[in-house]
Amino acid sequence: MTDVISLGEVMLRFDPGEGRIRTARTFQVWEGGGEYNVVRGLRRCFGLRTAVVTALADNAVGRLVEDLILQGGVDTSLIRWVPADGIGRTARNGLNFVERGYGIRGALGVSDRAGTAVSQLRKGDVDWDAVFSAGVRWFHTGGIFAGLSDTTVDVADEAMTAARRHGVTVSYDPNYRPSLWDGRGGAERAREVDLRLARHADVVVGALGLAGPWPGALRVLADEVQDALVAVAELLPQAEVLATTLRDVPSAGVNDWSSAAWSARTGFVRGPRMPGLHVLDRIGSGDAFAAGLIYGLLTGDGDEGGSSAGVRPTGPLDAARLHRALGYGTVHGALAMTTPGDVSMTSLAEVEALMAGGSAAVRR
């Protein structure tokens with residue numbers, strides 16, 4: 001049985017380390033993708049059984065991505081392999097070049113992902129009833145996958161509808177990327193898609209992305225977060241949990257990091273605050289937050305290995321449980337920022353030690 005399945009693109013990330021993309025001579029290679037990073041963290045840090053639904057062109061680059069996914073312990077049996085034509089004319093694999101940033105120079109992502117195999121997925125390509133009939137407990141997708149093409153919006157809708165039909169808890173992360181919507185309706189179109197898909201979700205991660213008339217239209221101050229989440233809840237009355245990270249960026253290397261959530265059952269709940277957090281690589285920290293949040297909601301106090309039901313339909317949700325889930329998410333996201341690459345390199349023991357007030361002292 002698989003605990004959590006995600007739907008999204010997995011790209012090959014090229015990391016120039018401390019240098020710049022434009023002057024690099026060597027790159028470290030990782031795998032990464034907004035939706036995939038969540039199940040990768042849930043597998044490697046939190047020990048849940050996870051799988052990713054994606055598509056890759058069947059060539060050496062695609063097989064490298066597969067190998068990296070396998071190293072992360074994520075089930076690859078749901079990958080759709082598309083024949084490669086030799087030069088990527090009909091389908092290709094996505095590439096993502098990422099600078100970490102330093103000081104006044106912010107992080108920079110340069111993606112090369114148009115026409116990828118996964119962007120060409122269409123309704124009916126995946127037998128979702130077969131996927132969800134095998135005892136899956138949670139399904140996650142987001143606005144990055146939905147923004148890849150007009151057809152991926154429909155695939156996400158189809159998948160989320162099927163998940164709910166099978167009683168699977170559904171989460172969605174708007175995760176707006178301007179480059180994906182440039183020339184395709186921009187932020188206004190992205191918001192239409194997000195609201196369409198988020199209405200299928202029990203849990204919305206990055207819910208502040210739905211505040212205001214379009215993504216990024218509002219800069220929500222700390223004392224405005226509660227009202228902003230309540231306003232989003234009015235748009236999504238079926239959602240059980242609306243959660244968000246909270247980040248101030250004094251510099252690329254130092255962030256103030258926290259989180260918050262709102263639920264009709266609990267009201268507004270704040271997560272732990274981690275001011276002055278030193279950052280090596282912030283890319284993927286929001287996905288790491290989502291992984292920790294999901295783990296916290298899937299498991300209760302003393303529930304090792306995630307044997308309890310999810311938020312919907314029977315999971316008891318109170319303020320203490322939601323605060324605990326925010327703790328897992330916030331700390332896991334913080335630790336993900338201390339290592340390179342999109343994906344988590346931490347352990348559950350490290351997360352729980354920091355949640356319990358641990359420090360960065362040397363362990364011998």
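Residues numbered from 1 in each chain as written. Predicted model: local features only at pLDDT ≥ 70, side-chain atom pairs only at ≥ 80, totals over all residues. Heavy atoms only, no water.

1. Considerations on the overall build of the chain
To keep things clear, this is the line we draw: Secondary structure counts use DSSP, requiring at least four H or I residues in a row for a helix and at least two E residues in a row for a strand, with both numbered from the N terminus. C-alpha atoms define the radius of gyration, and 2.2 Å times the number of residues to the power 0.38 defines the globule rule. Only protein chains enter the calculation, and the probe is 1.4 Å; a residue is then buried if its accessible area is under 20% of its type maximum, exposed if over 50%, and partly exposed in between. Whether two residues are in contact is decided by their heavy atoms: any pair within 4.5 Å suffices. Under the convention used here, a 1.4 Å probe and the Shrake-Rupley method define accessible areas, while residue burial counts only the protein chains that appear.
Check the secondary structure of the chain and you find eleven helices and 14 strands. At 19 Å, the chain has a C-alpha radius of gyration in line with the 21 Å of a compact globule built from 364 residues. Projecting the C-alpha coordinates of the chain onto the three principal axes gives extents of approximately 55 × 45 × 45 Å. Here the chain, with 364 residues, has 54% of them falling under the buried criterion. Summarising the internal contacts of the chain: among those between residues at least 6 apart in sequence, 72% fall at separations of at least 24. When the accessible surface of the chain is split by element, carbon and sulfur atoms take 51% of a total near 15200 Å².

2. Observations concerning the sheet that holds strand β3 (residues 28-32)
The condition that has to hold: The pairing criterion for strands is at least two bridges between them, as found by DSSP. A fitted line through C-alpha atoms represents every axis, and for helices the fit uses only the stretch in contact; the resulting angles, taken between N-to-C directions, go from 0 to 180 degrees.
Across the sheet, which stays open at both edges, the four strands sit in the order β3-β2-β6-β7 with mixed pairing between neighbours. Because the sheet does not close on itself, it has two edges, and the strands there are β3 and β7 (108-112). Neighbour-to-neighbour, the strand axes of this sheet turn through a mean angle of 25 degrees, independent of strand direction. Across five bridges, strand β2 (residues 11-15) lies against β3 in antiparallel orientation. Pairing of L12 across the sheet is with E31, part of β3.

3. A look at the nonpolar core
Within soluble globular proteins, side chains that are nonpolar tend to cluster in buried spots. Note the cut-off: We define a nonpolar core as any set of buried Ala, Val, Leu, Ile, Met, Phe, Trp, Tyr and Cys residues linked to one another through side-chain atoms lying within 4.5 Å.
Core analysis: the largest hydrophobic core is formed by 53 residues, its most contacted members being W128, F132, F139, L236 and L242. In terms of residue count, the dominant contributor to this core is helix α5 (residues 150-165) (seven residues). For F139, the residues in contact, after removing those within four places along its chain, are I5, S6, L7, W128, F132, A159, M160, A163, V168, T169, V170 and S171. By size, the runner-up hydrophobic cluster in this structure holds 49 residues, among which are L42, L277, L297 and A325.

4. A look at the pattern of salt bridges
Here is the rule we go by: Whenever Lys or Arg places a side-chain nitrogen within 4 Å of a carboxyl oxygen from Asp or Glu, that contact is recorded as a salt bridge.
Across all of its chains, the model carries 21 salt bridges by this definition. The salt bridge partner of D281 is R13, with a shortest N-O separation of 2.7 Å. In this pair, D281 sits in the loop between β14 (274-278) and α9 (285-298) while R13 sits in strand β2, placing the two residues 268 residues apart along the sequence. Taking the relative accessible area as the measure of exposure, R13 reaches 1% and is therefore buried. D342 is the partner of R13 in a salt bridge, and the nearest nitrogen-oxygen pair spans 2.6 Å.

5. Focus on the side chain of H140
Applicable threshold: Polar contacts, as counted here, are pairs of nitrogen or oxygen atoms within 3.5 Å of one another; within protein the pair requires one atom able to donate a hydrogen and one able to accept it, and residues that are adjacent in sequence qualify only if both atoms are side-chain atoms.
Structurally, H140 can be placed in strand β8 (residues 138-142). A polar contact is formed between the side chain of H140 and the side chain of S171, at a distance of 2.7 Å. The contacts of H140, once residues within four sequence positions are left out, are I5, S6, L7, E35, V38, S171, Y172, D173 and I294.

6. Some thoughts on the environment of E66
As for its placement among the helices and strands, E66 is situated in helix α2 (residues 60-71). A residue is classified by how much of its surface remains accessible, and E66, at 16% relative accessible area, is buried. Here the alpha-carbon distance between E66 and W262, two residues 196 residues apart in the chain, equals 37 Å.

7. What to know about the confidence of the model for the chain
Note the threshold: Confidence scores labelled pLDDT are given residue by residue by the predictor and lie between 0 and 100.
Put simply, the chain has an average pLDDT of 93, and 94% of its residues get 70 or more. Within the model, the stretch residues 302-309 combines pLDDT values under 50 with 18 contacts to residues more than four positions away or in other chains.

8. Observations regarding the side chain of N175
Note on placement: N175 falls in the loop between β9 (169-173) and α6 (178-181). A polar contact is formed between the side chain of N175 and the side chain of R177, at a distance of 3.2 Å.

9. A look at the packing of aromatic side chains
To keep things clear, this is the line we draw: By convention, a stacked pair of Phe, Tyr or Trp rings (six-membered ring in the case of Trp) has centres within 6.5 Å and planes under 30 degrees apart, an edge-to-face pair has planes over 60 apart, and any other such pair is tilted. The criterion is that NZ of a Lys, or CZ of an Arg, lies within 6 Å of the ring centre and within 35 degrees of the ring normal, and then a charge sits over that ring.
What the rule picks out here adds up to nine aromatic pairs. Pairing F14 with F27 gives two aromatic rings, centres 5.9 Å apart and planes at 90 degrees, and the pair type is edge-to-face. Highlighted residues: F14 in strand β2 and F27 in the loop between β2 and β3, separated in sequence by 13 residues. The exposure class of F14 is buried, given its relative accessible area of 19%. On the basis of relative accessibility, which here comes to 30%, the residue F27 falls in the partly exposed class. Considering the side-chain rings of W128 and F139, the 5.8 Å spacing of their centres and the 70 degrees angle between planes classify their relative orientation as edge-to-face. One end of the pair, W128, is in helix α3 (residues 128-132); the other, F139, is in strand β8, with eleven residues separating them in the sequence. With respect to burial, W128 and F139 carry one shared label: buried. Members of the aromatic cluster, connected to one another through ring pairs, are F14, F27 and F97. A cation over an aromatic ring shows up here: R63 above the ring of W81, its NZ or CZ 3.6 Å from the ring centre.

10. Description of helix α10 (residues 319-336)
Residue pairs three or four apart in sequence face the same way in an α-helix, which turns once every 3.6 residues. Under the convention used in this document: Expected helix span is given by 1.5 Å per residue-to-residue step, counting one fewer step than there are residues.
Under the 1.5 Å per step criterion, the end-to-end length of α10 is 25 Å for 18 residues, consistent within 8% with the ideal 26 Å. Burial runs high along α10: 15 of the 18 residues are buried.

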